[in-house]
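Coordinate analysis (summary)
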Amino acid sequence: MKTLFKNADILLFENGIYNVIKNAYLAVDGNKISYIGKDEPSDSFDETKDMHGKLLMSGFYNCHNHCPMVLLRGVGSDLPLNEWLFNKVFPIEDKLTAEEIEAGTKLALLEMLAGGTVSFSDMYFEPQVTARAVADSGMKANLTRPVQSFDPNEEPKDSFRIAQSLELYNEWNKAENDRILIDFSIHAEYTCTEKIARAYIEESNKRKGNLHIHLSETVKEHNECKEKYGKTPTEWFNALGAFDSRAFAAHCVTLEDSDMDIILQKGVNVVHNPTSNMKLGSGFARIPKMLDMGINVALGTDGAASNNNLDMLEEIHLASVIHNGYMQDATVMNADTVIKMATKNGALLQGRDDCGELKVGNKADIIAISLDKPHLRPIIDEKALITYSAQSSDVYMTMVDGKVLYENGEYKTLDKEKIYYDIEKAIKKLY
Ligand SMILES: [Zn+2]
């Protein structure tokens, strides 16, 4: 399949910043971008799409999510963190079966595709269900079966979570032409015994795994770890070998300077989740300092229970403004930095080196943003429009690996009405 986009404004990454070429052509051959330029290519195409009034850019990489948690959207929203988690979230999660998880996952996929997300990193149980849904949808994802253990007597050989994680890896890693990658995951320091964590990390490292963790999300978690082990959560994970292969850490709100040195030295990727951190009152991650140090920082929504949507343009907006406000300096973050966090940095974190940027030879993960909106006029600075003005409803088209999955409100691979029906059924059972 060969597709040509014509009359398009195209956001390109050149010499460390983003520039727009106007009224240009972009060609897609199979799953790759084959041409970008001002002159019309002479090849013949199966399909030509007129992108007049639209901006083409890389799709978004949502690097920290728990898809099925859309089923808990809005539940207990204004409660304190612990009350919300223990009295609202956990009792509902205990009732979830594969059927509800499938419905929730598919609802999350609908939302992400409509908002320009092409790939996401997920952490939830029953991940085979998520993998099947992702495979059928045409999206990309890095999936995990998170490992937890609260029982000090549990032995690694008896951990069904470790067994499920390895099974998922064997069954799904690099499936669907590498669209699906299987990562490893320890939920967090405070939800896993040292014995189970150490054994599982060894399994992950043997496979050169990419380890997805929650790290120093709150002051409480950070300080309790220091009291218990005499180590920060970063030091605890590092001592267990968690950063010896690849790893990425969500939140990182309360990292100490010495933690950041470890993160940099070990090449750990960080996922910034500004909405979740603000909503749950966790605090301001020192993202500007991490970026200055050269740490790769991507963006994520976290689950919809703590956000309450999966809207990457909203994360871009918040990441671009909250640090300026907190540090009382309008130059701390800028559009180039934040757009790169949501695209190229996220693709790198996922181990997708040929994604996250519109360039010839890269995978065709492309979105079109409609500029035909009052809040996106006048068109003077497209980068600023995307960062500070655009809404997810401005996303007109989402293409993954050269296939259009969403266009002008219409889903090409997912049945929205059926998914809404399944969600209603799930909600009746859960609540
Ligand atoms: Zn999370």
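Keep in mind the model is a prediction, meaning the values are calculated, not measured. Residues take numbers from 1 onward in each chain, read along the sequence in its written order. Restriction of local features to residues with pLDDT of at least 70 applies here, the model being predicted, together with a cutoff of 80 or more for giving and counting side-chain atom pairs; totals for whole chains, interfaces and linings are based on all residues. Processing note: side-chain calculations cover all non-hydrogen atoms of the structure and skip hydrogens and water entirely.

Attention now goes to the packing of helix H3 (residues 127-137) against helix H4 (residues 160-172). Relative orientation of the contacting elements H3 and H4 amounts to 20 degrees, with a least axis distance of 10 Å. One element, H3, and the other, H4, form an angle in the roughly parallel class. H4 is crossed by H3, and the crossing has right-handed handedness. Residue-level inspection shows Pro127, Gln128, Ala131, Arg132 and Ala135 of H3 in contact with H4, the latter providing Glu167, Leu168, Glu171 and Trp172. Grouping the amino acids of the contact of H3 with H4 by side-chain chemistry returns 5 nonpolar, 1 polar and 3 charged. Fitting a line to C-alpha atoms yields each axis, with helices limited to the stretch in contact; the angle taken between N-to-C directions then spans 0 to 180 degrees. Only DSSP runs of H or I covering at least 4 residues are called helices, and only runs of E covering at least 2 are called strands; the numbering of each starts at the N terminus. Angle categories: roughly parallel below 35 degrees, roughly antiparallel above 145, roughly perpendicular from 65 to 115, and oblique for all the rest. By definition, turning the near helix anticlockwise from the far helix through less than a right angle yields a left-handed crossing, and turning it clockwise yields a right-handed one. Throughout, a residue-residue contact means that at least one pair of heavy atoms, one from each residue, lies within 4.5 Å. Three categories are distinguished: nonpolar for Ala, Val, Leu, Ile, Met, Phe, Trp, Tyr, Cys and Pro, charged for Asp, Glu, Lys and Arg, and polar for the others, with Gly belonging to the last.

Turning to a nonpolar patch on the surface, a few remarks are in order. Surface patches are defined over residues having more than 30% relative accessible area and no salt bridge, joining like charges when they lie within 9 Å and nonpolar side chains (Val, Leu, Ile, Met, Phe, Trp, Tyr) when within 5 Å. The protein chains shown are the only cover counted for residues, whose accessible areas, like all others here, come from Shrake-Rupley with a 1.4 Å probe. The rule for a salt bridge is simple: a side-chain nitrogen of Lys or Arg has to be within 4 Å of a carboxyl oxygen of Asp or Glu. Side chains of Phe284, Tyr326 and Met327 sit close together on the surface and give an oily, nonpolar patch of about 320 Å² of accessible area. Structurally, Tyr326 can be placed in helix H12 (residues 312-327). Accessibility here uses a 1.4 Å probe with only protein chains present; expressed as a share of the type maximum, an area under 20% marks a residue as buried, one over 50% as exposed, and anything in between as partly exposed. What makes Tyr326 exposed here is its relative accessible area of 54%.

The next subject is unusual backbone geometry. In this structure, the amide linkage connecting Asn307 to the following residue, Asn308, adopts the cis form with an omega of 10 degrees. Within the secondary structure, Asn308 sits in the loop between strand S14 (297-299) and H12. Its identity is not glycine, yet Glu126 carries a phi of approximately 55 degrees, on the positive side. With respect to the helices and strands, the residue Glu126 is situated in the loop between strand S7 (117-122) and H3. The backbone phi angle of Glu176 is positive, close to 55 degrees, even though this residue is not glycine. With respect to the element layout, Glu176 can be found in helix H5 (residues 175-178).

Residue placement: Asp259 occurs in helix H9 (residues 257-265). Not counting chain neighbours up to four residues away, the residues in contact with Asp259 comprise His222, Thr232, Thr234 and Glu235.

Okay, helix H2 (residues 98-114) next. The first and last C-alpha atoms of H2 sit 24 Å apart over 17 residues, in line with the 24 Å expected at 1.5 Å per residue. Within H2, 12 of the 17 residues are buried, which leaves it mostly tucked inside the rest of the structure. Immediately downstream of H2, the backbone of Gly116 shows phi near 85 degrees, a positive value. Expected span, for any helix, means 1.5 Å times one less than how many residues it has.

Adjacent strands of a sheet pair through backbone hydrogen bonds, lying either parallel or antiparallel. Note: two strands are recorded as paired if DSSP finds a minimum of 2 bridges between them. Spatial strand order, S6-S7-S8-S9: 4 strands in an open sheet with parallel pairing. Because the sheet does not close on itself, it has two edges, and the strands there are strand S6 (60-65) and strand S9 (180-182). Between one strand and the next, the sheet's axes are offset by a mean angle of 10 degrees, whatever the strand orientation. The pairing of S6 with S7 spans 4 bridges and is parallel. Note that in S7 the partner of Asn65 across the bridge is Asp122.

Every α-helical turn comprises 3.6 residues, leaving residues that sit three or four positions apart pointing alike. Trp84, Val89, Ile92 and Glu93 are the residues of helix H1 (residues 81-93) that are buried. Viewed along the axis of H1, the buried residues span an arc of 90 degrees, placing them on a single side of the element. Here the arc refers to the directions that run from the helix axis out to each C-beta atom.

Here the bounds of each domain stem from an automatic or database domain assignment. Taken domain by domain, the chain consists of domain 1 (2-58 + 363-411) and domain 2 (60-349). Accessible area, probed at 1.4 Å, shrinks when two parts are joined; the buried area is that loss added up over both. Per-residue buried area on domain 1 facing domain 2 is highest for Tyr18, Thr387 and Tyr388; these three make up 24% of the total on that side. Run the count over domain 1 and domain 2 and you get 3 salt bridges. For Asp336, the salt bridge is made with Lys383, and the minimal N-O distance between the two is 3.2 Å. In protein, a polar contact means a hydrogen-donor-capable atom and an acceptor-capable atom, both N or O and within 3.5 Å, with residues adjacent in sequence counting only if both atoms are side-chain atoms; elsewhere, any N or O pair within 3.5 Å suffices. Applying the counting rule to domain 1 against domain 2 returns 9 residue pairs in polar contact (both at pLDDT 80 or more). Among the secondary structure elements, those contributing two or more residues to the side of domain 1 that touches domain 2 are strand S1 (2-14), strand S2 (17-29), strand S5 (54-58), helix H15 (382-389), strand S16 (395-400) and strand S17 (403-407). Residues of the side of domain 1 that touches domain 2, tallied by class, amount to 15 nonpolar, 6 polar and 4 charged.

Distances decide who is a donor: an N, O or S atom must be within 2.8 Å of the metal, or within 3.2 Å for Na, K and Ca. Water is not included, so sites may look incomplete. With distances of 2.1 to 2.3 Å, the protein atoms coordinating the zinc ion are His64 (NE2), His66 (NE2), His214 (NE2) and Asp302 (OD). Coordination at the zinc ion comes from 4 donor atoms whose angles at the metal span 87 to 170 degrees, giving a geometry best classed as irregular. Square planar and octahedral sites, with four and six donors, are those where opposite donors lie more than 155 degrees apart and all other angles lie between 65 and 115, tetrahedral sites have four donors with every angle between 85 and 135 degrees, and the rest are irregular.

Turning next to the sheet that holds strand S12 (residues 246-251). The strand order S10-S11-S12-S13-S14 describes an open sheet built from 5 strands, whose pairing is parallel. Every other strand in the sheet has two partners, leaving strand S10 (184-188) and S14 as the edge strands with one partner each. Sheet twist, expressed as the mean angle between neighbouring strand axes with direction ignored, is 25 degrees. Here 3 bridges tie strand S13 (residues 269-272) to S14, and the two strands are oriented parallel to one another. The residue of S14 that forms the bridge with Val270 is Val297. In the packing of helix H13 (residues 335-342) onto the sheet, the strands contacted are S13 and S14, and the crossing angle to S14 comes to about 75 degrees.

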